[in-house]
Amino acid sequence: MSGGSYYVPDQSRFPIFMAFSLFLLVMGASSTINNLDDPTNNSVYILYTGFGCLFLTMFFWFRQVIKEHLAGLDSNQLKQSYVFGMAWFIFSEVMFFAAFFGALFYVRTFAVPWLAGEGAKGGAIEAIELWQGFESTWPVMSTPDQGNEFVLADKSMAWPGWDHALEWLPLWNTIVLLSSSVTVHIAHLGLKNGNRRKFNIFLGITVTLALIFVGLQAAEYYEAYAHYGLTLNSGIYGSTFFMLTGFHGFHVMMGGFMLAVMLARSVFAGHFEDHDHFGFEAASWYWHFVDVVWVMLFLFVYIL
Amino acid sequence: MSAVIENHHDDHHHGPAKGITRWLYTTNHKDIGTLYLWFSFAMFLIGGAMAMVIRAELFSPGMQIVEPEFYNQMITLHGLIMIFGGVMPAFVGLANWLVPMMIGAPDMALPRMNNLSFWILPFAFFILLSSLFMEGGAPNFGWTFYAPLSTTYAPPSVTFFIFSVHIMGASSIMGSINVVVTIMNMRAPGVGLMKMPLFVWSWLITAYLLIAVMPVLAGAVTMMLMDIHFGTSFFNAAGGGDPVLFQHIFWFFGHPEVYIMILPAFGIVSHIIETFSRKPLFGYASMVWAMLSIAILSFVVWAHHMFTVGMPLAAEIFFMWATMLIAVPTGVKVFNWVATMFRGSITFETPMLFACAFVVLFTIGGLSGLMLAIVPADFQYHDTYFVVAHFHYVLVPGAIFSIMAAVYFWIPKWSGNMYDERLGKLHFWLSFIGVNVTFFPQHFIGLAGMPRRYPDYALQFADWNMVSSVGAFLFGFSQLLFLFIVVKTVMGGKKATDQVWEGAKGLEWTVASPAPYHTFSTPPKVD
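Quick caveat, the model's predicted, so the values are computed rather than measured.

## A closer look at the overall build of chain B
Helix and strand content of chain B: 17 helices and zero strands. Its C-alpha atoms give chain B a radius of gyration of 23 Å, within 12% of the compact-globule value 24 Å for 527 residues. If one aligns the C-alpha atoms of chain B with their principal axes, the spans along those axes are about 65 × 55 × 45 Å. Expressed as a percentage of its 527 residues, the buried residues of chain B come to 60%. The long-range share in chain B, meaning contacts at least 24 apart out of those at least 6 apart in sequence, stands at 82%.

See the structure below:
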């Protein structure tokens, strides 16, 4: 780090292309969402274009970074910057989930009991005879307002008891995701010991497990919508359930995609050395993070 | 690709690229710093124009020049633009310019991402401003966008607002990651943590706060989006949620956010006061610890913005005491600035004038904050002009004065030219008088009970509102003088020496003025 001269990259077109792609993406998204009930509105194409441009820009940007790395342009200092950068990015993701977990804890501890008339604040709600008959339970299957604004669910996704444990999808999801964290670690060990075959095989298993997880999650959502009547419209339980698991599922897809790219790089391009593989390491950190979030979800959304 | 390799060895010798692509494709921290600073200046003038509309409407009682609907859009956009478009990008611009030079780094740690962080902003604010021309008008629910005003009763443009906040947040997070990584990883050998200039320290802490809370804001607007368009009930009591939940999440972001807008100012003012007092800063280590304490406490005080929503008593008392605790490290800082000046051989060039005004006026804002922290008193002050006076005292003569001080202090280093000292002093005095005439009377009308965010008011508030408006016009139009001074300095003027100020210390004053395009090609020696 000391003594050598510094390296500064050249000008680059990627950043402004990416900013413009993001602009198209969010303009398209806003306009589409605002016109969901207008079938003639075609701003969804702006959304697709933005997404396509974003994807392409990221593809070429990462390709450039990898090329520079393989050409030996990256100093140890820059490599260290990538390591720090990824760590802080994951911290920001943790805080994103913290907002949704915070919302979950708040409604469970305060909002729902108060709405059901518990405690001093609930007493005030009770006194004006608002939301009569609403009971505080969790998972809460009814809504304070019994009007037809909400579609109530018959059944929640919570722990069904030991008798039905084996037919309960979240348990299988947990097993799948926890094992995938182990397999990605074994792949990492293989790479560190110079065993590329082991790396490829176990990374392949990890990506497969990621796909299985997403498949199971899709099955669970189908079950919720089709059989339980549990939707985004089912009041606060449905809201927190789908937003927490949904964002987690989205992150699983991103993490799985990253790992798949790493697998392709290893299999088709022979990238990564036993001492030099931060691209993979970053993706595996992300994967472990996604796993930890799931453990929290399993505890606080499903079990407790 | 091959071009990259070939260019590698003479990277450090070539200057900026020619033409517009220099600004579009740049990876240079000075270019990006300049872009940020000009962008924030433009936003400052746009947000300022909106403030002029507000003060013109409030010049006398009754409805004068705008519709109430439009007035609401003005107060909302004024707040959003000044915070996310004015103050924050200005500080990021200063960080871009100064942090690498102060720690002996060649550039920011991740130069391409740095450019991305900037270029998202013009697009984000284009979206936000374009909402003025949309059906139903721009967001009209105040910069704090409380649900259900911002959900059930919001205009359709709220969707665009939500997504523009998303990408602004992405920009802030990337910018902050860049700053943190630069400071952690790019310090020249010998620049230990406790040897870092205070501006660098202040930005390390600020960036940490930003990375911690911008994602929370993203979560809040995402919940809004889902509530508005996809039937969720986060902020809807009828479905088992709670509008107050929005306030908790928002202020969990919002309170660290207000320290994000003042911590870099602490750093700037420390540098300026020690330079013009020609003395080393009093209590460097306590300054660092004070900033760290303020940052940590900022996570446990958010609900002092919500004393009147009906929280349990235990929560009110906890948040009251936690808030008052912040006065201790802040007091340490003010004490240290004054102690630095004590028996110094002080001269009052423009940056020093702004810094001294900062110390006094920020303290006034801090003390009114202390008044607001007292729960029973806040029941009276809440949502009155007293609150408006409080946060404008910490933001205008606090954050914005520090930015102006920084511009006067470092512009000789950036441009190689000295600014016009006479005009600078004139700008200072006009701003100083303008700010106080604008905001001091707002304490009185607030304590007398005038609520904030109304386009009309009762007759007894007429006199002080007129005074306030006159001050606002004075302050507002004085900023055109600031623009003139900056342009004049960039175009030419007396050449600056390398050290620029007699008492200036630090790595950035050892390099040429203007600072070369690539400051350090090898790590400088620091003892």
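That covers the picture; the talk isn't over yet.
## Let's talk about the overall build of chain A
Helices and strands together make up the secondary structure of chain A, namely eight helices and zero strands. Counted from the first residue to the last, chain A has its helices and strands arranged as α-α-α-α-α-α-α-α. Taking the principal axes of its C-alpha atoms as reference, chain A extends roughly 75 × 50 × 40 Å. Residue pairs in contact within chain A that sit at least 24 positions apart in sequence constitute 68% of those at least 6 positions apart.

## Re the interface of chain B and chain A
Listed by partner, the interface residues are 70 residues for chain B and 62 residues for chain A. Considering each element in turn, the side of chain B that touches chain A owes the most residues, twelve residues, to helix α6 (residues 158–185) of chain B. When its residues are assigned to classes, the side of chain B that touches chain A shows 43 nonpolar, 23 polar and four charged.

## Quick look at the environment of E118 of chain A
Residues and elements named next belong to chain A. With respect to the helices and strands, the residue E118 is situated in the loop between α3 (76–115) and α4 (119–127). What makes E118 partly exposed here is the crowd of 16 C-beta atoms within 10 Å. A sequence separation of 89 residues divides E118 from A29, and the C-alpha atoms of the two residues are 41 Å apart. Apart from the residues within four sequence positions on either side, E118 is in contact with P113 and S136.

## Overview of helix α5 (residues 169–192) of chain A
Residue and element names in this part refer to chain A. Taking 1.5 Å of rise per residue, the 24 residues of α5 would be expected to cover 34 Å, and the 35 Å separating its terminal C-alpha atoms lies within 8% of that figure. Of all the residues in α5, the buried ones are P170, N173, V176, L177, S180, V184, A187 and L191. The inward-facing, buried residues of α5 abut α6 (196–228), α7 (236–269) and α8 (278–303). At the C-terminal side of α5, G194 shows a positive phi close to 75°.

## So, the nonpolar core
Of all hydrophobic cores here, the largest spans 250 residues; its most connected members are A220 and A405 of chain B. Looking at this core element by element, the count peaks at 25 residues for helix α7 (residues 198–229) of chain B. Shared between two domains, this core holds at least three residues of each, these being domain 1 (10–73) and domain 2 (74–303) of chain A.

## Some words on α8 of chain A
Because an α-helix packs 3.6 residues into every turn, residues spaced three or four apart end up facing the same way. All names here are of chain A. With 26 residues, α8 ought to run about 38 Å at 1.5 Å a step, and its terminal C-alpha atoms sit 36 Å apart, in line with that. The largest bend in α8 amounts to roughly 30° and is located at L297. Along α8, the positions that sit buried rather than exposed are G279, F280, A283, S284, Y286, W287, V290, V293, W294, L297, V301 and Y302.

## Quick look at unusual backbone geometry
Cis peptide bonds are those with omega within 30 degrees of zero, and the linkage from W138 of chain A to P139 of chain A qualifies with 0°. With respect to the helices and strands, P139 of chain A occurs in the loop between α4 and α5. The omega torsion of the bond from S513 of chain B to P514 of chain B falls at -5°, within 30 degrees of zero and hence cis. Take P514 of chain B: it is sitting in the segment after α17 (462–491). Even without being glycine, R343 of chain B reaches a positive phi, approximately 60°. With respect to the secondary-structure elements, R343 of chain B resides in the loop between α12 (327–341) and α13 (350–373). Judged by local crowding, R343 of chain B falls into the exposed class, with 9 C-beta atoms found within 10 Å.

## Considerations on the packing of helix α4 (residues 68–103) of chain B against helix α15 (residues 385–415) of chain B
Residues and elements named next belong to chain B. Packing of α4 against α15 leaves a shortest axis separation of 11 Å and a crossing angle of 30°. In terms of their interaxial angle, α4 and α15 are classed as roughly parallel. The crossing of α4 and α15 is left-handed. Listed contacts from α15 to V87, A90, L94, W97 and L98 of α4 are L395, A399, I400, I403, A406, W410 and W414. When grouped by side-chain class, the residues that make up the contact of α4 with α15 number twelve nonpolar, no polar and no charged.

## Concerning the confidence of the model for chain B
Residue and element names in this part refer to chain B. Looking at chain B, pLDDT values average 95 and 97% of them are 70 or higher. Per-residue pLDDT stays below 50 along residues 1–12; that stretch engages in ten contacts with residues further than four places along the chain or on separate chains. This complex was scored by the predictor with a pTM of 0.95 and an ipTM of 0.95.

## Points about the packing of helix α1 (residues 14–34) of chain A against helix α2 (residues 44–70) of chain A
Residue and element names in this part refer to chain A. At a minimum axis distance of 7 Å, the contact between α1 and α2 shows a crossing angle of 155°. Compared by their axis directions, α1 and α2 come out roughly antiparallel. The two elements α1 and α2 meet at a crossing, and its hand is left-handed. For the pair α1 and α2, contact is made by F14, F17, M18, S21, L22, L24, L25, M27, G28, A29, S31 and T32 and by V44, I46, L47, T49, G50, F51, C53, L54, T57, F60 and W61, respectively. Of the residues belonging to the contact of α1 with α2, the class tally is 16 nonpolar, seven polar and no charged.

## Focus: the environment of P106 of chain B
Tracing the backbone through its elements, the reader meets P106 of chain B in the loop between α4 and α5 (111–130). C-alpha of P106 of chain B to C-alpha of T384 of chain B: the two residues are 278 residues apart in sequence and 49 Å apart in space.

The rules behind the values
- Residues numbered from 1 in each chain as written.
- Chains lettered and ligands numbered in written order.
- Predicted model: local features only at pLDDT ≥ 70, side-chain atom pairs only at ≥ 80, totals over all residues.
- Helix = DSSP H or I, 4+ residues; strand = E, 2+ residues; numbered from the N terminus.
- Rg over C-alpha atoms; globule rule 2.2 N^0.38 Å.
- Buried ≥ 20, exposed ≤ 12 C-beta atoms within 10 Å, placed from the backbone.
- Contact = placed C-beta atoms within 7 Å.
- Nonpolar A, V, L, I, M, F, W, Y, C, P; charged D, E, K, R; others polar.
- Expected span 1.5 Å × (residues − 1).
- Core = buried A, V, L, I, M, F, W, Y, C linked by C-beta atoms within 7 Å.
- Domains from an automatic or database assignment.
- Bend = angle between axes of the 7 residues up to and from the residue.
- Axes fitted to C-alpha atoms, helices over the stretch in contact; angles between N-to-C directions.
- Parallel < 35°, antiparallel > 145°, perpendicular 65-115°, else oblique.
- Left-handed = near helix turned anticlockwise from the far one by under 90°.
- pLDDT = per-residue confidence, 0-100.

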